[in-house]
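Coordinate inspection notes
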Amino acid sequence: MKSLNILKSAIGITLAGLGLSMVASNPSQSDYEEYAGRQLSNYLKTNVCTEAPKGFNNFLERECKKLVDTGRPKLKRIIAENTYRHNFVFFSIYSTDLAVHPLLPGYHVETLGAFQNFYIYQAEAQ
């Protein structure tokens, strides 16, 4: 009986510690914006810029990548303006809808933030 009470106490303390660490490490909106900006920049460089017409020693691809780097603060602002954070204290869910131009496809991205990390669990073209 005494060992059962000790076990219950140990489990309770462990769960309380886990909960406190989750609360303390729930990433902020600005953390997400930085993360999403990096992800979007990497995506553009590896999937969009590489599709530029080849020629002139890959001039367009290089310039595209420079343009992405230069425009990164604007990308971060666009993400900030189009993201809604659902804060559940222990973790957060970030919903981002990106539609840069009516003629280009838009994207909806759902991301889980916990323990100072982000996990994209849904990304779809709209």
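A brief report on the enclosed structure follows. Since the structure is predicted, the reported quantities are computational estimates derived from the model, not experimental observations.

Describing the packing of helix H3 (residues 59–70) against helix H4 (residues 72–81)
Put simply, H3 and H4 touch, their axes get as near as 4 Å, and they point 55° apart. The orientation of H3 with respect to H4, classified from their angle, is oblique. Mapping the contact onto sequence places Val-68, Asp-69 and Thr-70 in H3 and Arg-72, Pro-73 and Leu-75 in H4. Within the contact of H3 with H4, the residues separate by chemical class into three nonpolar, one polar and two charged.

A look at unusual backbone geometry
Even without being glycine, Val-89 reaches a positive phi, approximately 65°. Notably, Gln-116 is not glycine yet its phi reads approximately 60°, a positive angle. Within the secondary structure, Gln-116 sits in the loop between strand S3 (107–114) and strand S4 (117–125). Judged by relative accessible area, Gln-116 falls into the partly exposed class, the value being 42%.

A look at the pairing of strand S1 (residues 83–87)
Pairing of S1 with strand S2 (residues 92–98), which is carried by five bridges, proceeds in the antiparallel orientation. In the strand pairing of S2, Asn-87 is matched with Ser-92. Where S1 folds back onto S2 in an antiparallel hairpin, the turn is made up of four residues, including Val-89, whose phi is positive at roughly 65°.

Let's talk about the sheet that holds S2
Strand pairing in a sheet takes place through backbone hydrogen bonds and is either antiparallel or parallel in direction. Taking strand neighbours across the sheet as the criterion, the four strands line up as S1-S2-S3-S4 in an open arrangement whose pairing is antiparallel. Every interior strand has two partners, whereas the edge strands, S1 and S4, have only one. In this sheet, adjacent strand axes meet at a mean angle of 15° when their direction is disregarded. Bridge count for S3 against S4 is eight bridges, and the pairing is antiparallel. In the sheet register, Leu-112 faces S4, and the bridge partner there is Tyr-119.

Calculation rules
- Residues numbered from 1 in each chain as written.
- Predicted model: local features only at pLDDT ≥ 70, side-chain atom pairs only at ≥ 80, totals over all residues.
- Heavy atoms only, no water.
- Axes fitted to C-alpha atoms, helices over the stretch in contact; angles between N-to-C directions.
- Helix = DSSP H or I, 4+ residues; strand = E, 2+ residues; numbered from the N terminus.
- Parallel < 35°, antiparallel > 145°, perpendicular 65-115°, else oblique.
- Contact = heavy atoms within 4.5 Å.
- Nonpolar A, V, L, I, M, F, W, Y, C, P; charged D, E, K, R; others polar.
- Buried < 20%, exposed > 50% of the residue type's maximum accessible area, 1.4 Å probe, protein only.
- Pairing = 2+ DSSP bridges.

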